[in-house]
2 protein chains.
Amino acid sequence: MTRQRAAIIKVMRENCGHFTAEEIFLMAQKEYPSIVRATIYNNLNNMVEEGLVRRICQSGQPDRFDRNPMPHEHIICTLCGAVEDISLSDFKNRLSAEIGCEVEDYELVIHCKCSDCRKNKN
Amino acid sequence: MTRQRAAIIKVMRENCGHFTAEEIFLMAQKEYPSIVRATIYNNLNNMVEEGLVRRICQSGQPDRFDRNPMPHEHIICTLCGAVEDISLSDFKNRLSAEIGCEVEDYELVIHCKCSDCRKNKN
DNA sequence: AAAGTTATTATAATCATTCTAAAGTAATTT
DNA sequence: AAATTACTTTAGAATGATTATAATAACTTT
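Here's a quick rundown of the structure. (Residues numbered from 1 in each chain as written. Chains lettered and ligands numbered in written order. Predicted model: local features only at pLDDT ≥ 70, side-chain atom pairs only at ≥ 80, totals over all residues. Heavy atoms only, no water.)

**What to know about the pattern of salt bridges**
Then comes step 1: Applying the stated rule across the entire model yields 14 salt bridges over all chains.
Then comes step 2: Note that Glu23 of chain A is salt-bridged to Arg64 of chain A, the shortest N-O span being 3.4 Å. Here the residue Glu23 of chain A occupies a position in helix H2 (residues 21-31), and Arg64 of chain A occupies one in strand E3 (residues 64-66), the gap between them amounting to 41 residues.
Then comes step 3: Looking at Arg64 of chain A, the relative accessible area reads 19%, which means it is buried.
Then comes step 4: Among the ionic pairs, Lys113 of chain A bridges to Glu104 of chain B, the shortest N-O distance being 2.7 Å. Of this pair, Lys113 of chain A sits in the loop between strand E6 (105-112) and helix H5 (115-121) while Glu104 of chain B sits in the loop between helix H4 (91-99) and strand E6 (105-112), each in a different chain.
Then comes step 5: Judged by relative accessible area, Lys113 of chain A falls into the partly exposed class, the value being 22%.
Then comes step 6: On the accessibility criterion, Glu104 of chain B (32% relative accessible area) is partly exposed. (Salt bridge = Lys/Arg side-chain N within 4 Å of Asp/Glu carboxyl O. Helix = DSSP H or I, 4+ residues; strand = E, 2+ residues; numbered from the N terminus. Buried < 20%, exposed > 50% of the residue type's maximum accessible area, 1.4 Å probe, protein only.)

The following block contains the structure:
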């Protein structure tokens, strides 16, 4: 546990959301001004491997990183582009049963209107 | 419909699979030697917009393009890395019902052992 | 056939991410 | 506590997929 890693964990805990490495870099700089982008990438990659952080990948855009430790899905709003969390209970097990093979991991990204945009429409 | 676009469609029809833009470029070159990468990207982007082709995006790897017009899911093998198709019937409607909002599109990528690797293990 | 639109080409640019090598820090052994 | 080893960070360059730009070519419409 280095100071740099602690700074990254701190800013991700205090600012919950789906951030790009660049956004995390800018936040971590306030905690630890001399930190460098490669350190952000190294730590985020490690954290993804350790299962502390999830990676959300969209074509043509930088990866986003999500601290939420509970398995959950992501909605990308077709109106405003926001990334929203949603949880489908027991999805991994249901999926394993359906395909007849143990799912080790999965990513489900749903494109629909986010809850804010649905509210505003009414 | 240009000759270049026809060449791209032809090689994707004759070589069914999940190809990177680079792989499609190399195949299309055999049909139309003067074709250029930008044309491949332009056409693939258009085809994705038109719904003729699906884009599969994995972090750290180039996007892959998949001609299969039926909605389907992708398995990425945790042993050999191959991309395999799988179809979950009526998944989009089931998903819409579950989240209480009309799903416009979705991507489901499953990490587990592909059917070849499961066979070979036995 | 001229004018206008759209696609292709060649090339350069972008930008997220990784690599390399050196220096620093932490952990472990003596 | 000093010495050795392993790991992390840093700075900066490199990579590589993809897009932008500007010029040319190929269709379409009048």
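**Comments concerning the sheet that holds strand E3 (residues 64-66) of chain B**
Residue and element names in this part refer to chain B.
Then comes step 1: Pairing is antiparallel in the open sheet, where three strands are placed in the order E1-E3-E2. Unpaired on one side and paired on the other, strand E1 (18-20) and strand E2 (54-56) mark the two borders of the sheet. Between one strand axis and the next, the sheet turns through 35° on average, direction left out of account.
Then comes step 2: As defined by bridge partners, E1 adjoins E3 across three bridges and the pair is classed as antiparallel. (Pairing = 2+ DSSP bridges. Axes fitted to C-alpha atoms, helices over the stretch in contact; angles between N-to-C directions.)

**Some points on helix H2 (residues 21-31) of chain B**
Then comes step 1: For H2 of chain B, the full list of buried residues reads Ala21, Ile24, Phe25, Met27 and Ala28 of chain B.
Then comes step 2: Among the structural elements, helix H1 (3-14), E1, helix H3 (37-50) and E3 of chain B are those in contact with the buried residues of H2 of chain B. (Contact = heavy atoms within 4.5 Å.)

**Digging into the side chain of Arg64 of chain A**
Then comes step 1: There is a polar contact of 3.4 Å between the side chain of Arg64 of chain A and the side chain of Glu23 of chain A.
Then comes step 2: Residues within four places of Arg64 of chain A in sequence aside, it is in contact with His18, Phe19, Thr20, Glu23, Arg54, Arg55, Ile56 and Val83 of chain A. (Polar contact = N/O pair within 3.5 Å; in protein donor to acceptor, adjacent residues only side chain to side chain.)

Remember that the coordinates give geometry; whether it matters functionally is a separate question.
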